[in-house]
Amino acid sequence: MRQFTAVVNPTAGAATAAAALLALARHLREEGADLRTEYSHSLAHARELAREAGRQGRIVLAVGGDGIAGGVGGALSGTGATLGLVPAGRGNDFARALGLPRDPADLARVLLHAEPRQVDTVEVASAVHDRTVVLGGVYAGVDALANRHANRSRLLRGSASYYAGGLRAVTTWRPARYRVTVDGEEHPHTGYTVVAANSGYYGSGRVIAPGARVDDGLLDVVMIRQAPRRLFFALMNELRTGTHVRRPQVRILRGEEIRIEADREIPYGTDGEVDAVLPVTVRVLPGALRVLY
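What you see is a predicted model, and the numbers here were worked out from it, not measured in a lab.

Considerations on helix α5 (residues 104-113)
Okay, step 1: Taken together, the buried positions of α5 are occupied by Ala 105, Leu 107, Ala 108, Val 110, Leu 111 and Leu 112.
Okay, step 2: Capping the start of α5, Asp 103 holds a side-chain oxygen 3.1 Å from the backbone nitrogen of Ala 105, two or three residues further along.

Dropping the structure here:
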């Protein structure tokens, strides 16, 4: 029977994460699975706990949102260890891309009986931050600023917090001049954002890159050009279904390595965490992680 170690960060969404794990644990244990729980005090500590559990041959469950999923998944990338996701956060976008169920009984069946599948991960490097590995990708621009506002929101959660954060970000945004290099070819770009997407989703279910696949060895690079603010608000609504890609202001490229630079300090985010500014280099790591889904 499978052995699991659940990694939970009690400082972020503690009640939601604990409730999700409690509901799941009953189903896992009823089937005879061994389940241990580790509480981390930071994302760095979560990564350490995940690596240690992986070295012991245990399946590591990341309990929470995209931040803990990306941190734990990144730590296991390239190690041969297996990741399971227990979506219990604000966005849960990588779990959404994998099609994971939210119902505890259905999720338990996946974790207990699915065979691990290989997915791509994303290496992120900048002059300020050490190399890190994440799952969903990188977004640099007004969306990163909106994500920062959403993360600091105390009154709103889920999609509502991202939408409110987007409104706040757009009202103060002035288009940035980017230099985007995809597999060695430069693409000047002036506008709102550049997204290097492994997963098609970000911002709590917004379909930023409908064609992105987590197992194709490529990143989808979505660039939204300068446009009147009223049009950008329309684009925000179209992100719910992915129809924004039909707009002439949206350009999509694909590649393995992407370098994003800008004419000023532009924030960028990775898997729901926004704590850095451009420039950044992003590289896909094909099939680097085993995941249950």
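Thoughts on the pairing of strand β4 (residues 82-87)
Okay, step 1: Across the six residues of β4, six count as buried, placing the element largely inside the fold.
Okay, step 2: Of the two faces of β4, the one lined by Thr 82, Gly 84 and Val 86 and the one lined by Leu 83, Leu 85 and Pro 87 are each fully buried.
Okay, step 3: Where strand β3 (residues 59-64) lies against β4, five bridges are found, and the strand directions are parallel. Directly across from Val 63, in β4, lies its bridge partner Val 86.
Okay, step 4: A crossover connection joins β3 to the parallel β4 through helix α3 (residues 66-76); in handedness this β-α-β unit is right-handed.
Okay, step 5: Bridge analysis of β4 against strand β17 (residues 280-291) gives two bridges, and the strand direction is parallel. Counterpart to Leu 83 in the pairing with β17 is Val 291.

Things to note about the packing of helix α2 (residues 43-55) against α3
Okay, step 1: Running from N to C, α2 and α3 point in directions that differ by 45°, and their axes come no closer than 8 Å. Here α3 runs oblique to α2, going by the angle between their axes. The crossing of α2 and α3 is right-handed. Every residue of α3 that contacts α2 at Leu 43, Ala 46, Arg 47, Ala 50 and Arg 51 is listed here: Gly 67, Ile 68, Gly 71, Val 72, Ala 75 and Leu 76.

Digging into the pattern of salt bridges
Okay, step 1: All chains considered together, the criterion is met by 14 salt bridges.
Okay, step 2: As a salt-bridge pair, Asp 263 and Arg 177 come within 4.0 Å of each other at their nearest N and O atoms. Of this pair, Asp 263 sits in the loop between β14 (257-262) and β15 (267-270) while Arg 177 is found in strand β8 (residues 176-182), placing the two residues 86 residues apart along the sequence.
Okay, step 3: We classify Asp 263 as partly exposed; its relative accessible area is 41%.
Okay, step 4: The class for Arg 177 is exposed, based on a relative accessible area of 56%.
Okay, step 5: Connected via shared salt-bridge partners are Glu 123, Arg 131 and Arg 283.

Structural notes on the packing of aromatic side chains
Okay, step 1: Inspection of every chain in the model, using the stated rule, returns one aromatic pair.
Okay, step 2: Relative to Tyr 202, the ring of Tyr 139 has its centre 5.5 Å away and its plane inclined at 80°; by these criteria the two rings are edge-to-face. Of this pair, Tyr 139 sits in strand β7 (residues 137-141) while Tyr 202 sits in strand β10 (residues 201-202), and the two are 63 residues apart along the sequence. Residues Tyr 139 and Tyr 202 agree in their burial class; the two are buried.
Okay, step 3: Taking the ring centre of Tyr 201 as reference, the NZ or CZ of Arg 96 above it sits at 5.9 Å.

Thoughts on unusual backbone geometry
Okay, step 1: Residue Pro 279 is reached from Leu 278 by a cis peptide bond, and omega for that bond is 10°.
Okay, step 2: Tracing the backbone shows Pro 279 in the loop between β16 (273-277) and β17.
Okay, step 3: Phi is positive for Asp 183, close to 50°, though the residue is something other than glycine.
Okay, step 4: By secondary structure assignment, the location of Asp 183 is in the loop between β8 and β9 (185-197).
Okay, step 5: You can call Asp 183 partly exposed: its relative accessible area is 46%.

Calculation notes
Residues numbered from 1 in each chain as written. Predicted model: local features only at pLDDT ≥ 70, side-chain atom pairs only at ≥ 80, totals over all residues. Heavy atoms only, no water. Buried < 20%, exposed > 50% of the residue type's maximum accessible area, 1.4 Å probe, protein only. Helix = DSSP H or I, 4+ residues; strand = E, 2+ residues; numbered from the N terminus. Polar contact = N/O pair within 3.5 Å; in protein donor to acceptor, adjacent residues only side chain to side chain. Pairing = 2+ DSSP bridges. Right-handed = clockwise from strand over helix to strand, strands pointing away. Axes fitted to C-alpha atoms, helices over the stretch in contact; angles between N-to-C directions. Parallel < 35°, antiparallel > 145°, perpendicular 65-115°, else oblique. Left-handed = near helix turned anticlockwise from the far one by under 90°. Contact = heavy atoms within 4.5 Å. Salt bridge = Lys/Arg side-chain N within 4 Å of Asp/Glu carboxyl O. Phe/Tyr/Trp six-rings, centres within 6.5 Å; stacked < 30°, edge-to-face > 60°. Lys NZ or Arg CZ within 6 Å of the ring centre and 35° of its normal.

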